[in-house]
Amino acid sequence: MSTVDPAARELSAYRKMEESITISETTEFEGDRELLTLNLGPHHPATHGVLRLLVTLDGEVIRRLQPIYGYLHTGIEKTAEQKSYWKAIPVVERMDYVSYYFNAMAYCGAVETLLEVEIPKRAQYLRVIHMELNRIMSHLVFLGTSALDLGAISVWWYCFRERETLLDLFEMSSGQRMHTRYFQIGGVIEDIPDGWIEQVRKFCAIMPERADIYGDLLNKNEIFLQRQRDVCPLPVEKLREYGVTGPLLRAAGDPWDLRKTMPYSSYEEFDFQIPVGTKGDNYDRYQVRLAEVKESIKIIVQALDNLPDGPTITDDRKIALPPRHELATSMEALIHHFKLVTEGMRVPAGEAYYPIEGARGELGCFVRSDGSSKPARVHMRDPSLVNMQAAPAATEGWLIADMLATVAMFDPIIGGIDR
Amino acid sequence: MPDAATLERLVGALKASDAESVIDTVETPGRVAIEVKPESIVGSLEVLRAAGYEFLASVHGVDYYPNEPRLGVDYELLSREACDRIALTLRVSTEDPHLPSVTPAWPCANNQEREAFDMFGLIFDGHPDLRRILMPEDYEGHPQRRDFPIGGEPVLFTHNEHSVPRWFE
């Protein structure tokens, strides 16, 4: 690297702009009232990660809200392009780090669409069970941290107790608490261990009651209610305009849920309801998620009751590894194993977009293949990034304390936004 | 994906509004993408909006290196009524990466267009706030382009702090 003399270096356009700013020039007035621009974050406990918010205030009233992203950008999409298809799953899972099963599902689904591979029924059901467990876990994290923001610390302890049970279930089925890499292209990596179903059933038996308890804890909390009821509502039309999906949209009364409207992974075989709100205020946003926890339990119980027998991954040897015992006896199995582990699978050239109903809304994965064994482009349509576009519209004209409650209710996961 | 008759009707509607707009129709498993000219993207999206595809689910930037024109943008549209998806795509070159922004008509595309600008250097003319969104404001280059090297960021130590450009300016 050549040595650069700092004095001789030309200032970049951004630095020039930065140097040209003086305080007096940035003072804004609205009529005769002076506006205050306040920086919130990126390191702030109320922003759920490293979200930075530039807030322009008139007294305590928000006149303008400007979210600034990118503090957690780690180039996961670029990294995924350097890896063969099956090795990209772990990095993709780390995007939205609270809903890793959904990330893996969207990515694997997109690749499976390109490969035109049939997923065995048992694998589809196991995927559904894990995704719904993940949805409960994600909503528990949301509920705990949001209540913490609003001053109700005890809910956090209870929610994370149940989350711990869920993480133990994930550890039992896959060996990892988080970022499990359980979903594979073509199915799931292995069958569930003995005793897992009983553990899940035990959890399903207590969770609906626990959800009611958490609801009671919060619904009888006057401070929580005052900061939630009728605060920062947005109508359905406005939400659709900003591309908002998931619980936020359903809270405003639009029953749009991809699990019902465009089912994937056998969701059409389960009987469940879509909870919707009426006003679209913060209270509805929280109630919809609490109700979704119970619906997820219903789906899991049905999936456990009707769990089909059979293989858990496709028997296409060009996609899935052959079973271990075949390697000792079959030459072909050994060759397939070697090819898959060294080069990976080749995916026909094309593009696929695979949307699923994530915990925060439509989570879509766009994969472009150029026919080689590495994806040429992996792009996530992350619901947090798109949903946050509605945050300025929801909070402008409200108090700064309401804004913090609303950002908590939007539930952005910065890992998903920044990737 | 729309069936053959619907697709023909949609392509017909696109051609009726602008005869030159449609370049190609690409059918892959589970997906139909209509490639349109960059200039006519706003009009084409309006035609599809009138045909029921009223939700712009996602905007993706793509680099087709080494094919020319290199850069592309994908618009994923969703019809809630028909529970159906269709994609519009377009291609622009790296020498002239200009295309009209759809954000004024579809506010949901705001962040994702900024992301495509940040990562690929696609310039969306008419975007209200076209700044980098994920990379630092003074970053040079567009990292998601296929010819952008990986592992090129120097690591800062005390022995090389004066030779690593930009950090203390």
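The coordinates are above.
Here the structure is a predicted model, which means the values were calculated and not measured. (Residues numbered from 1 in each chain as written. Chains lettered and ligands numbered in written order. Predicted model: local features only at pLDDT ≥ 70, side-chain atom pairs only at ≥ 80, totals over all residues. Heavy atoms only, no water.)

Peer 1: Where do I start with the overall build of chain A in this structure?
Peer 2: Tallying secondary structure elements over chain A gives 18 helices and nine strands in all. Taken along the three principal axes of its C-alpha coordinates, chain A extends 85 × 65 × 35 Å. In chain A, buried positions account for 58% of the 419 residues. Of the contacts formed within chain A by residues at least 6 apart in sequence, a portion of 70% connects residues at least 24 apart. With an accessible surface of roughly 16,800 Å², chain A has 54% of that area assigned to carbon and sulfur atoms. (Helix = DSSP H or I, 4+ residues; strand = E, 2+ residues; numbered from the N terminus. Buried < 20%, exposed > 50% of the residue type's maximum accessible area, 1.4 Å probe, protein only. Contact = heavy atoms within 4.5 Å. Areas by Shrake-Rupley, 256 points an atom, 1.4 Å probe, with all protein chains shown as cover.)

Peer 1: Please clarify how the environment of A:E241 should be interpreted in this entry.
Peer 2: By the element assignment, A:E241 lies in helix 10 (residues 236–241). Residue classification places A:E241 among the partly exposed positions, given a relative accessible area of 34%. Remark: the alpha-carbon pair of A:E241 and A:P42, spanning 199 residues in sequence, is separated by 27 Å. With sequence-adjacent residues up to four places away left out, A:E241 is seen in contact with B:P107 and B:C108.

Peer 1: Would you mind showing me how to read the sheet that holds strand 2 (residues 33–40) of chain A here?
Peer 2: Strands in a sheet are paired, the pairing made by backbone hydrogen bonds, and the direction either parallel or antiparallel. Residue and element names in this part refer to chain A. The antiparallel open sheet is built from four strands, whose spatial order is 1-2-3-4. Of all the strands in the sheet, just strand 1 (28–30) and strand 4 (61–68) have a single pairing partner and so form its edges. Each adjacent strand pair in this sheet contributes to an overall mean axis angle of 30 degrees, direction not counted. Pairing geometry for strand 1 and strand 2, over three bridges, is antiparallel. Each residue of the ladder has a partner; that of E28, found in strand 2, is L35. Relative to strand 3 (residues 52–58), helix 17 (residues 400–410) is tilted by about 155 degrees, and along the sheet it contacts strand 2, strand 3 and strand 4. (Pairing = 2+ DSSP bridges. Axes fitted to C-alpha atoms, helices over the stretch in contact; angles between N-to-C directions.)

Peer 1: How should the sheet that holds strand 9 (residues 375–381) of chain A be read in this particular structure?
Peer 2: Residues and elements named next belong to chain A. Pairing within the open sheet is antiparallel, and its three strands lie in the order 7-8-9. Two strands in the sheet have a free side with no partner beyond their single neighbour: strand 7 (350–357) and strand 9. If you compare each strand with its neighbour and ignore which way they point, the axes differ by 15 degrees on average. Bridge count between strand 7 and strand 8 (residues 362–369): eight bridges; the pairing is antiparallel. Paired with E357 across the strands is E362, a residue of strand 8. Seen against the sheet, helix 5 (residues 100–115) touches strand 7, strand 8 and strand 9 and runs at an angle of roughly 145 degrees to strand 7.

Peer 1: What should I look at first to understand the interface of chain B and chain A in this one?
Peer 2: Many structure descriptions define interface size as the accessible area lost when the parts assemble. Contacts between the two partners involve 48 residues from chain B and, on the opposite side, 51 residues from chain A. In this assembly, chain B packs against chain A so that about 4,400 Å² is buried in total across both faces, 54% of it on carbon and sulfur atoms. At the surface where chain B touches chain A, the tally comes to six salt bridges. Summed over the shared surface of chain B and chain A, the number is 20 residue pairs in polar contact (both at pLDDT 80 or more). Within the residue set of the side of chain B that touches chain A, elements represented by two or more residues are strand 3 (55–63), strand 4 (71–79), strand 5 (84–92) and helix 3 (110–120) of chain B. When residues of the side of chain B that touches chain A are assigned to their parent elements, the largest contribution, eight residues, is made by strand 3 of chain B. Of the residues assigned to the side of chain B that touches chain A, the class counts are 23 nonpolar, 10 polar and 15 charged. (Buried area = accessible area lost by both parts, 1.4 Å probe. Salt bridge = Lys/Arg side-chain N within 4 Å of Asp/Glu carboxyl O. Polar contact = N/O pair within 3.5 Å; in protein donor to acceptor, adjacent residues only side chain to side chain. Nonpolar A, V, L, I, M, F, W, Y, C, P; charged D, E, K, R; others polar.)

Peer 1: Is there a simple way to explain the nonpolar core in this structure?
Peer 2: Note on soluble globular proteins: their nonpolar side chains tend to be buried together. Of all hydrophobic cores here, the largest spans 167 residues; its most connected members are A:Y107, A:I185, B:Y75 and B:L88. Tallying contributions element by element places helix 6 (residues 121–149) of chain A first for this core, with 14 residues. Apart from the residues lying within four places of it in its own chain, the contact partners of B:L88 are B:L14, B:I34, B:V36, B:I41, B:S44, B:L45, B:L48, B:V73, B:D74, B:Y75 and B:L77. (Core = buried A, V, L, I, M, F, W, Y, C linked by side-chain atoms within 4.5 Å.)

Peer 1: I would appreciate a short explanation of the pattern of salt bridges in the present structure.
Peer 2: Pairs can form between side chains of opposite charge whenever their charged atoms are close. Applying the stated criterion across every chain yields a total of 43 salt bridges over all chains. A salt bridge links A:R210 to A:E162; the shortest N-O distance between them is 2.5 Å. You can see A:R210 sitting in helix 8 (residues 196–219) and its partner A:E162 sitting in helix 7 (residues 153–174), a full 48 residues away along the chain. By relative accessible area, which is 23% here, A:R210 ends up partly exposed. Looking at A:E162, the relative accessible area reads 1%, which means it is buried. Across the pair B:E115 and A:R419 runs a salt bridge, and its minimum N-O distance is 3.1 Å.

Peer 1: Teacher, can you tell me more about a nonpolar patch on the surface here?
Peer 2: On the surface, a nonpolar cluster with roughly 320 Å² of combined accessible area is contributed by A:L148, A:I153 and A:W157. Within the secondary structure, A:L148 is located in helix 6. (Patch = residues over 30% accessible without salt bridge, like charges linked within 9 Å, V, L, I, M, F, W, Y side chains within 5 Å.)

Peer 1: What is the right way to look at a negative patch on the surface in this model?
Peer 2: All names here are of chain B. Together, E68, E95, D96 and D125 make up a region of like negative charge exposed at the surface. Among the secondary structure elements, D96 is positioned in the loop between strand 5 and strand 6 (98–100). Owing to a relative accessible area of 46%, D96 belongs among the partly exposed residues under this scheme. (Lys, Arg positive; Asp, Glu negative; His and termini not counted. Charge placed at Lys NZ, Arg CZ, Asp CG, Glu CD.)

Peer 1: Even after reading the chapter, I still don't get the pairing of strand 3 of chain B, so can you show me in this structure?
Peer 2: Successive residues of a regular strand alternate their side chains across the two faces of the sheet. All names here are of chain B. Of all nine residues that make up strand 3, nine are buried, and the element is covered over most of its length. With eight bridges connecting them, strand 3 and strand 4 associate as antiparallel partners. Within strand 4, the residue paired with S58 across the bridge is E76.

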